[in-house]
Amino acid sequence: MATPSEKPATTESGRELHEGSEAPEDKSMSTVGELFQYASALDIVLIIIGIFTSGAVGAGQPAVMILFSDMMGAVGSTLSGNPADAVVDSVNEICIQFCVLGGILFVCAWVAEACFKTAGMHQSSKWRKAYVSAIIHQDVAWYDTHNPSELSSRVAESTQTIEEGISAKLSMGGRFLFQGLVGVGMAFYYKWDMALVLLGISPLAAAGAWYMSKATVEGATKITEAYAKAGGTASETLSEMRTVTSFGMQDVQAQKYAANLEAARKAGVTKSLKVGFANGLLFASGNLMMALGLGYGCAIIAGELEDTEVWINGEKLNCGWANDLNGIEKCSFNGADLLIAMFGLQIGAQGLGMVEPSVSAFMKARRAAYQIMKLTKRVPPINSFSEEGEKPATVQGHVKLENVHFTYPSRPDQVVCNGYNLDIPPGTTVALVGASGSGK
């Protein structure tokens, strides 16, 4: 806040009003057991149920392609001479299966979200209580190095990070992981050679999904941080209005506030550009995978149709016309298998690419838990809640200080009291006069 020729404006304890250099971010993390230390037996049961149900939702995404391919096969069977009534019955049966599967996935998705959210909110409330309890038990020296006006936002931010990491993000991570594993496994099960061909492009789909999530999360974080800094500048200026006015720093604070808003605008523009690129990469990889899959599949089918050509009653038939009447064997590779392998691998690759944000949120939750645990484990030198110590029966009101040496924790290199002595007899009125930060 200060100009080069001035000292920074400070509060009574010596804390500077402007934003100083930030300390390096502590990357230490709690263990998984410590992160879930406040989980009750019911929370653990809910998490287990949530894992299974979210896994079912993830596995259901590529499984839908099986029904879709059956639908395409049933409609295409009319070309093989199957009766129209049989085709209609097959399509109706598949439509019912679609509805049943959709209902099951809806219930599983609701149960998974409810279980993880309930368990996460219950645990985060306990983390919040532990954090606040640790804060109010700290001594005055601790508050001199930690801005009290930031504590409420730190409590909310840290506990919210923990809640997201062990609830909603964990549910999404389980869903996308199962979606990826089942999708890729299904593609190899139905047509392994097709899956191998498409596997060369699948990293593009995974990269597109990963980059989209990464750009969205990073952009939202930068925007939030910029607005938080702008709000902190406004709050700081209003709370220390007399100091700001006395130093004539109104324009400087206004410029700092505008700079933070400009940073938020730039972060929003950058986020939009990155998300747009990620969308293009995601859809381009999907179209490229579809083109390669259709090209490879059609080439294989065309070759098999040509190899299985036979003449029956003057007509040239092949495995595509196979039915119970003409006795021709069915093709080993059909359009239904092509769709399952192609879309299964595509959906699986996208699912695996979406796992990273959940893993990142879980790591952030572990770091937030570690920071809270550092404070909860700290034993203050002076515990105002302690019942120990001498308890005099009477108090005379005689205040006497002898050879006191004192520095503020935020300014340990500046001595405030160097051998200070003071004797105030009972019934005496004394006024302490001195400059700001002199130790009154």
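Each value, and the rule that gives it
- Residues numbered from 1 in each chain as written.
- Predicted model: local features only at pLDDT ≥ 70, side-chain atom pairs only at ≥ 80, totals over all residues.
- Heavy atoms only, no water.
- Helix = DSSP H or I, 4+ residues; strand = E, 2+ residues; numbered from the N terminus.
- Buried < 20%, exposed > 50% of the residue type's maximum accessible area, 1.4 Å probe, protein only.
- Contact = heavy atoms within 4.5 Å.
- Areas by Shrake-Rupley, 256 points an atom, 1.4 Å probe, with all protein chains shown as cover.
- Salt bridge = Lys/Arg side-chain N within 4 Å of Asp/Glu carboxyl O.
- Core = buried A, V, L, I, M, F, W, Y, C linked by side-chain atoms within 4.5 Å.
- Phe/Tyr/Trp six-rings, centres within 6.5 Å; stacked < 30°, edge-to-face > 60°.
- Lys NZ or Arg CZ within 6 Å of the ring centre and 35° of its normal.
- Patch = residues over 30% accessible without salt bridge, like charges linked within 9 Å, V, L, I, M, F, W, Y side chains within 5 Å.
- pLDDT = per-residue confidence, 0-100.
- Axes fitted to C-alpha atoms, helices over the stretch in contact; angles between N-to-C directions.
- Left-handed = near helix turned anticlockwise from the far one by under 90°.
- Nonpolar A, V, L, I, M, F, W, Y, C, P; charged D, E, K, R; others polar.
- Disulfide = S-S within 2.5 Å.

J.: Got a minute to help me understand the overall build of the protein chain in this structure?
T.: Each helix and strand counted, the protein chain has 12 helices and four strands in total. Counting all 440 residues of the protein chain, 34% fall into the buried class. Put simply, of all contacts in the protein chain between residues at least 6 apart along the chain, 78% involve residues at least 24 apart. Accessible surface, the protein chain: about 25500 Å² in total, of which carbon and sulfur atoms supply 62%.

J.: Would you explain the pattern of salt bridges in this entry?
T.: Between side chains of opposite charge, a pair can form when the charged atoms approach closely. Under the definition given, this model contains three salt bridges. As a salt-bridge pair, arginine 378 and aspartate 139 come within 3.4 Å of each other at their nearest N and O atoms. Within this pair, whereas arginine 378 is found in the loop between helix 12 (356-376) and strand 3 (399-407), its partner aspartate 139 is found in the loop between helix 3 (84-136) and helix 4 (140-145), the two being separated by 239 residues in sequence. With relative accessibility at 30%, the residue arginine 378 sits in the partly exposed group. Under the relative-accessibility criterion, aspartate 139 is labelled buried at 9%. One salt bridge connects glutamate 262 with arginine 265, and the closest N-O pair in it is separated by 2.7 Å. Here glutamate 262 and its partner arginine 265 are both found in helix 10 (residues 250-307), three residues apart, which amounts to about one turn of the helix. For arginine 265, a relative accessible area of 47% gives the class partly exposed.

J.: Would you mind going over the nonpolar core with me for this structure?
T.: Burial of nonpolar side chains together is a common tendency in soluble globular proteins. In terms of nonpolar packing, the biggest core is built from 17 residues, with Leu35, Trp127, Tyr131, Ile135, Ile162 and Leu375 touching the most fellow members. For this core, the secondary-structure elements that each account for two or more residues are helix 3, helix 5 (148-166) and helix 12. Broken down by element, this core gets its largest block of residues, seven residues, from helix 12. Dropping the residues within four chain positions of it, leucine 375 is found in contact with Tyr131, Ala134, Ile135, Gln138 and Trp142. Formed by 16 residues, the second largest nonpolar core is a distinct cluster that contains Ala187, Met194, Leu338 and Phe343.

J.: Looking at this model, I keep getting lost on the packing of aromatic side chains. Mind explaining?
T.: The geometry of an aromatic ring pair comes down to the distance between the two centres and the angle between the two planes. A full pass over the atoms with the stated rule returns four aromatic pairs. Summarising the aromatic geometry, the rings of phenylalanine 406 and tyrosine 408 are spaced 5.2 Å apart at their centres and angled 75° between planes, so their arrangement reads as edge-to-face. A relative accessible area of 34% means that phenylalanine 406 is categorised as partly exposed. Positioned over the ring face of phenylalanine 176 is arginine 175, at 4.8 Å from the centre of the ring.

J.: What exactly am I supposed to notice about a nonpolar patch on the surface here?
T.: Together, Ile51, Leu177, Phe178, Leu181 and Leu352 give the surface a local cluster of nonpolar side chains, amounting to about 420 Å² of exposed area. Sort the elements by how many residues they give to the nonpolar patch and helix 6 (residues 168-190) lands first, with three residues. Looking at the element boundaries, leucine 352 is found in helix 11 (residues 335-353).

J.: How do you make sense of the confidence of the model for the protein chain when you look at a structure like this?
T.: If pLDDT is low for a region, its predicted coordinates should not be looked at in detail. Counting all residues, the mean pLDDT for the protein chain is 79, and 84% of those residues have values of 70 or more. In this model, residues 1-24 is a region of pLDDT below 50 whose contacts with residues beyond four sequence positions or in other chains number 49 contacts.

J.: Explanation requested: the packing of helix 6 against helix 12 in the structure shown.
T.: A pair of packed helices is characterised by two quantities: the angle between their axes and the separation of those axes. It is the contact of helix 6 with helix 12, at a shortest axis distance of 8 Å, that shows an interaxial angle of 145°. Here helix 6 and helix 12 pass one another in a crossing that is left-handed. In contact with Lys169, Leu170, Met172 and Gly173 of helix 6, helix 12 contributes Ser358, Ala361 and Phe362. Broken down by class, the residue content of the contact of helix 6 with helix 12 amounts to four nonpolar, two polar and one charged.

J.: Got a minute to help me understand the packing of helix 7 (residues 192-199) against helix 11 in this structure?
T.: Put simply, helix 7 and helix 11 touch, their axes get as near as 9 Å, and they point 35° apart. Note on packing geometry: the crossing formed by helix 7 with helix 11 is right-handed. Counting all contacts with helix 7, which are made through Met194, Ala195, Leu198 and Leu199, the residues of helix 11 involved are Leu338, Ala341, Met342 and Leu345. Its residues assigned to classes, the contact of helix 7 with helix 11 comprises eight nonpolar, no polar and no charged.

J.: Looking at this model, I keep getting lost on the environment of isoleucine 223. Mind explaining?
T.: Secondary-structure assignment places isoleucine 223 in helix 8 (residues 202-239). For the pair isoleucine 223 and alanine 264, spaced 41 residues apart in sequence, the C-alpha separation works out to 4.8 Å. Excluding residues that lie within four positions of it along the chain, isoleucine 223 makes contacts with Ala264, Ala267, Gly268 and Lys271.

J.: Even after reading the chapter, I still don't get the state of the cysteines, so can you show me in this structure?
T.: Covalently bonding the sulfur atom of one cysteine to the sulfur atom of another cysteine gives a disulfide. Overall, the coordinates contain zero disulfides when judged by the stated rule. Not part of a disulfide, cysteine 95 finds its nearest cysteine sulfur in cysteine 99, a span of 7.0 Å.

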